[in-house]
Structure formats: structure tokens, C-alpha cells
Amino acid sequence: MSEQKLALHVNDKDNVATIFANGIRSGDEVVIKDKNGHTETVQVLGNVPYGHKIATCDIPKGAQIIKYGEEIGVATRDIQKGEYVHVHNLDSMRGRGDLPEEGERTHEL
Amino acid sequence: MSYEFMGYVRPDGQVGCRNHVAVIPSVTCAGDVASAVTRQVAGTVGYFHHQGCCQLPPDLDRVTETLISLGCSPNVGAALVVSLGCEGTDTERLVESIRKTGKPVRVIRIQELGGVSAAIKAGIDAAQELVMEISGLQRTPVGIENVTMSIKCGASDTTSGMASNCVIGYVADKLVDLGAAVIFGETTEFLGGEHLLARRAVNQDVARRIYEIVDNMERRARSLGCDMRRGQPTPGNIEGGLSSIEEKSLGAIVKSGSRPIQGVLDYPERIAGRKGLWIKDTPGREPEILTGMAASGAQFMMFSTGRGAPQGFPTMPVLKVCGNPNTYERMKHDMDLNAGRIITGEKSIAEVGEEAFQAVLALLSGKQTKNETLGYHSSIDIYTMGPVI
């Protein structure tokens, strides 16, 4: 395994990056790398396991969380740049039988 | 560039990469007899499902049709159907439909033969004769366009969408370009990415059908009035970093590559010579999707995993591509290919993709997958829609 503590940012629209390093603790620095090879060093907030995500910018409560250039859920509270993003602060919007019916989903054709 | 492999040419023109005698219980209640036969007779494998009685007629038809499709699949050289005698499936249609492919088919009926011990004896004798009949069949060179690959991801984590699914997508595009067929499924794992698939549909009818199967699956998931999380994504997915079904789906659909989507196959439906990229409407759980994919007539499956899924299917070899370098090191005896080298930066997607394609050619010509060598191949069940009554 590479010694560099790396986080991958896969699409320009994304506001999260995925950490591929073991044992990241709160306060550690990771290098966020995008598709074009640009890098940025960020301080991590929270203990982040291998393969989990951090925010690459501040994300306000209610805003979409974007990965692969697409929505993967909504922030349930304000999230700071560098903060651990997972089920504790990201809500899925699909298959939610516990939420009221939102009516027929519209489809682009 | 054209590619060939050594396959078993069947009387109906399909080409198998394995040559099994399939023992097919027409109902779950015949499973124990079928199991005794497969334990005794080398060269046989069993489809030990749990369906076939006390279900609503559309489900009974679905079970009959799925068993027919499994019996017709090209890796099956001959079939022994084991009937109890009072099942809800249509055993006569099952036997006759498989027989139409030209392969040898036998049937035993437990109640008619006078019970379990008599049926086991008759079953062993019949299965032995079938093995003697087909085991001398030789492989011959055939073109890669005869291949149907099925694909799936299971026990996924965040490496799946960034490494192992990318490798499968590479192989899927290559096979489609070579004139073969590729089938992907896991309709639940389209939720959140269905618009990307619909954009790749060959026409608006196919796009509409993609949205329809996703809406139906989401309606079923919502029907118990709860948040789907823990069911999908699973606790393992969540521990692996996948936060929502949307994130899991967007990573999952990467394995379908980039080619146009020709249409949607129903669960028991066979590919029947059609080419290009297809969807099969299935859930994500292994037994049901592996069964649906084998029923399509796919000779093999490429299976991507991050956390380490060991499953296989009785007649369809499953090639495991592992995206997580840590998991690959831990589970080398279950994983066929290490795509974790993409995550560590050692290899590109295309480099591992080419290795995977060579592994596929070897598999098709007879090289065993890790799940086959371990005999870990009983992940089978038929996806039904209604209640057991």
C-alpha cells in the first residue's frame, strides 16, 4: 500500500472525495487528487475509515451531496470542508417508505 | 482482431463453456432426492431452489419458465428432472421444452416410483446414463461472438465503483464491440442512476421500460413504510463507505460499460441469440440474480466485489474481480483478479481490463474459477413476486 494519504475526487462537480488510506484520525492531513492530477492538502475532521468520504468544500444543511457528478443524498446538517461524510450527516432520498409519497417521479426521455 | 475459445457446441447451436448434467427438482419438495443423486453421481450438479408449489399462477409460470431456461442453458449438456408428482409447476412443459433443444432429458417422479429410496435409485441410474452419454463430448474452436457474459457486483464498497466495476465495464464494451452479448441487472441498484441508463437506451420505448422497472422496484421497497437503508445499501456496504443507495447505484452501473442498451429482459427470459448490451430485471441479492443470469443463457459471470463475495452458481462459472487491495490480500483464494492495483495506482483500468479479458478467454476454454475449484456454487433461488400461500 502507498504511504501517501490519498483522497480521490472523481468528478469536477463533486463536493466529496473518497479516502483510500488506512487509519485516518481527526486532524490528519490528506492529499485530495482529482482526475487531472491536481492536488490539495486538507485537514480531516473525524476518524475516517478506508474508502469513506470527506467534504471537499463547506456543504450547508439541505444541500445535495455530489459524487460521480450526480446526487448521492442530502446533507442533514451543515458540513465543513474536510469533515467526514457518511450516514450520520447524509440522507438518502430513494426507497424512503418512511417519507410521505412525493407523487409520480418525472422522467426525462 | 478476432478471438476464439474452445467450447461445447450444442444441438441447437448454442455453445457451452462447461458440460454438466443438471439435476432439476421441479419443486422444492423434490430437492432431497435431487441432492442425493448429485452426491452420488460425478459430473452432475443440482439446482436446489425453494419454489414450485402453493404460489399464485403467475409465480408458478415464472418458476416453470426459469427452470426451462436453466435446463436450456448452453453449459448444461443433459438434464434429469426430479418431480414429486403433485407440484404447482408444469413438469411436462419443463421436460418437453428442454428436450426441444436436442439435449438428452430424463424425468423421475417420486410418488409414482414409490417413494424416496426408489426415486433415489432410479435417479442415480438415470443420471449415470446421462453422464456416460455426454462426458465424451469434445471442445471445438468457436468465435467469441457466441458468448453471453452476465455481470454483477456484490459485497460492494467504494472501491467497486472506482476499480473493479470499471474493469468489468472495459470487458463489457470490448465484448459488445466483438459482437457478443452482455447482460447486467440489479434493478434496485439503478435507483439514483436510472437517468444515466435511460440516456443510453436505443429508443424511447427501452428508456421508458428502464424507468418502469426502477419505479416498480422502488414501490416494492417502499411498501413496508420504512427507510430502505440496511436492506440496500447493506450494513457491509455502509461499513465499506457507501452512504446511500444512490451512491451504490452510481458505482454499480459503471460495470455496464458505455455501449447502448438494447432492451430489458424479463426474469426467466433467454437471450436467444440476441447481441449487444441488455438489462435483466432482477434484485441485487446473489441467489436470485445468479439464477436469473444463468437462465438468460449466459455462459459465465464477471462479479465485482470490494468486501469479498465468494458466491458461485452450479452451472455458470463466476469470475471474481476484487476492487479493494486489502480484501484481495485477505481473500486471495476466493478472488480471481486484483483490481485493487488501480486504487493503489500500480495499474490503469485498461491494463487490468486486458488481463481480465484474457482470464475470460481462459475460463471459456475450461480453466476453472476459484469458486468452481472450491465447489462454492450453490447460490441459487428463483425471484418471485407474490406471496407463498
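Residues numbered from 1 in each chain as written. Chains lettered and ligands numbered in written order. Predicted model: local features only at pLDDT ≥ 70, side-chain atom pairs only at ≥ 80, totals over all residues. Heavy atoms only, no water.

Enquirer: Looking at this structure, I do not really get the overall build of chain B. What am I missing?
Expert: Helix and strand counts for chain B stand at 15 helices and 14 strands. Its C-alpha atoms give chain B principal-axis dimensions of roughly 60 × 50 × 40 Å. Across the 389 residues of chain B, 62% fall into the buried class. Per element, the accessible surface of chain B, about 13,800 Å² overall, is 52% carbon and sulfur. Positive and negative side-chain charges of chain B, numbering 39 and 43 respectively, have mean locations separated by a distance of 1 Å. (Helix = DSSP H or I, 4+ residues; strand = E, 2+ residues; numbered from the N terminus. Buried < 20%, exposed > 50% of the residue type's maximum accessible area, 1.4 Å probe, protein only. Areas by Shrake-Rupley, 256 points an atom, 1.4 Å probe, with all protein chains shown as cover. Lys, Arg positive; Asp, Glu negative; His and termini not counted. Charge placed at Lys NZ, Arg CZ, Asp CG, Glu CD.)

Enquirer: Explain the overall build of chain A here, please?
Expert: Within chain A one finds zero helices and nine strands. N-terminal to C-terminal, the α/β element order of chain A is β-β-β-β-β-β-β-β-β. Across its three principal directions, the C-alpha atoms of chain A cover 50 × 30 × 25 Å. The buried share of chain A, reckoned over its 109 residues, is 47%. Restricting the contact set of chain A to residue pairs at least 6 apart, pairs at least 24 apart contribute 49%. Within chain A, one finds 13 positive and 18 negative side-chain charges whose respective centroids are separated by 3 Å. (Contact = heavy atoms within 4.5 Å.)

Enquirer: How should the interface of chain B and chain A be read in this particular structure?
Expert: By convention, interface size is frequently given as the accessible area that disappears when the constituent parts associate. On the side of chain A, 36 residues touch chain B, which itself brings 41 residues to the contact. For the pairing of chain B and chain A, the buried interface totals around 3,300 Å² over both sides, and the portion due to carbon and sulfur atoms is 51%. Between the two partners, chain B and chain A, sit six salt bridges. For A:R94, the salt bridge is made with B:E194, and the minimal N-O distance between the two is 2.7 Å. The tally of links from chain B across to chain A stands at 23 residue pairs in polar contact (both at pLDDT 80 or more). Every element with two or more residues in the side of chain B that touches chain A is listed here: α6 (160-177), α7 (194-198), α8 (204-222), α9 (235-239), α10 (245-252) and α12 (325-330) of chain B. (Buried area = accessible area lost by both parts, 1.4 Å probe. Salt bridge = Lys/Arg side-chain N within 4 Å of Asp/Glu carboxyl O. Polar contact = N/O pair within 3.5 Å; in protein donor to acceptor, adjacent residues only side chain to side chain.)

Enquirer: Would you mind going over the domain arrangement of chain B with me for this structure?
Expert: All names here are of chain B. Taken domain by domain, chain B consists of domain 1 (20-134) and domain 2 (146-373). Computed over C-alpha atoms only, the centres of domain 1 and domain 2 are separated by 29 Å. Each partner contributes residues to the interface: domain 1 has 15 residues there, and domain 2 has 13 residues. Summing both partners gives a buried area of about 1,200 Å² for domain 1 against domain 2, and 62% of it is carried by carbon and sulfur. Linking domain 1 with domain 2 are zero salt bridges, by the criterion used here. Between domain 1 and domain 2 we count five residue pairs in polar contact (both at pLDDT 80 or more) in total. The set of elements that each furnish at least two residues to the side of domain 1 that touches domain 2 consists of β4 (44-46) and α2 (57-72). (Domains from an automatic or database assignment.)

Enquirer: Explain the pattern of salt bridges here, please?
Expert: Residue and element names in this part refer to chain B. In the structure shown here, the tally under the stated rule is 33 salt bridges over all chains. A salt bridge links R259 to D173; its shortest N-O distance comes to 3.6 Å. One end of the pair, R259, is in the loop between α10 and β10 (261-265); the other, D173, is in helix α6, and 86 residues separate them in sequence. In this structure D173 comes out as buried when scored by relative accessible area, which is 13%.

Enquirer: Help me understand helix α14 (residues 349-364) of chain B, please; the structure alone is not making it clear to me.
Expert: Since the α-helix advances by 3.6 residues per turn, residues separated by three or four positions end up pointing in the same direction. Residue and element names in this part refer to chain B. Taking 1.5 Å of rise per residue, the 16 residues of α14 would be expected to cover 22 Å, and the 22 Å separating its terminal C-alpha atoms lies within 8% of that figure. When α14 is considered as a whole, its buried residues turn out to be V352, G353, A356, F357, V360, L361, L363 and L364. Where the residues of α14 are buried, they touch β1 (4-9), α6, β12 (300-305), β13 (318-322), β14 (337-338) and α13 (340-343). Immediately downstream of α14, the backbone of G366 shows phi near 125°, a positive value. (Expected span 1.5 Å × (residues − 1).)

Enquirer: Would you mind showing me how to read the sheet that holds β4(B) here?
Expert: For sheets, the rule is that strands pair by backbone hydrogen bonds, running either parallel or antiparallel. Residue and element names in this part refer to chain B. The strand order across the open sheet built from four strands is β4-β3-β5-β6, with neighbouring strands paired in parallel fashion. If you trace the sheet from one side to the other, it starts and ends with β4 and β6 (105-109), each paired once. Neighbouring strand axes in the sheet, compared pairwise and without regard to direction, differ in orientation by 25° on average. Sheet analysis places strand β3 (residues 20-25) next to strand β5 (residues 76-83), joined by six bridges and oriented parallel. Within β5, the residue paired with A22 across the bridge is A79. Most of the contacts of helix α1 (residues 31-40) go to β3, to which it runs at about 160°, and overall it touches β3, β4, β5 and β6. Sheet contacts for helix α5 (residues 116-134): β3, β4, β5 and β6; angle to β5, the most-contacted strand, approximately 170°. (Pairing = 2+ DSSP bridges. Axes fitted to C-alpha atoms, helices over the stretch in contact; angles between N-to-C directions.)

Enquirer: What exactly am I supposed to notice about the sheet that holds strand β2 (residues 16-19) of chain A here?
Expert: All names here are of chain A. With respect to topology, six strands assemble into an open sheet ordered β4-β3-β1-β2-β5-β8, the strand pairing being mixed. With one partner strand each, in any of the chains shown, β4 (39-43) and β8 (84-85) form the two edges of the open sheet. Relative to β4, strand β3 (residues 29-34) runs antiparallel, the two sharing five bridges. Across the sheet, the residue bridging to I32 is E40, located in β4.

Enquirer: Whenever I open this one, the pairing of strand β1 (residues 6-9) of chain A confuses me. Can you help?
Expert: Along any regular strand the residues' side chains alternate between the sheet's two faces. Residues and elements named next belong to chain A. Two strands pair when backbone bridges link them, and β1 and β3 are joined in this way by four bridges, in the parallel orientation. Pairing of H9 across the sheet is with D34, part of β3. Here two bridges tie β1 to β2, and the two strands are oriented antiparallel to one another. What sits directly across from A7, in β2, is I19.

Enquirer: Explain the environment of B:G297 to me, please; I cannot follow it from the model alone.
Expert: All names here are of chain B. Tracing the sequence through the fold places G297 in the loop between α11 (286-295) and β12. Along the sequence, G297 and P74 sit 223 residues apart, while their C-alpha atoms lie 6.4 Å from each other. Sequence-distant contacts of G297, that is, excluding residues within four places in its chain, are made with S73, P74 and T148.

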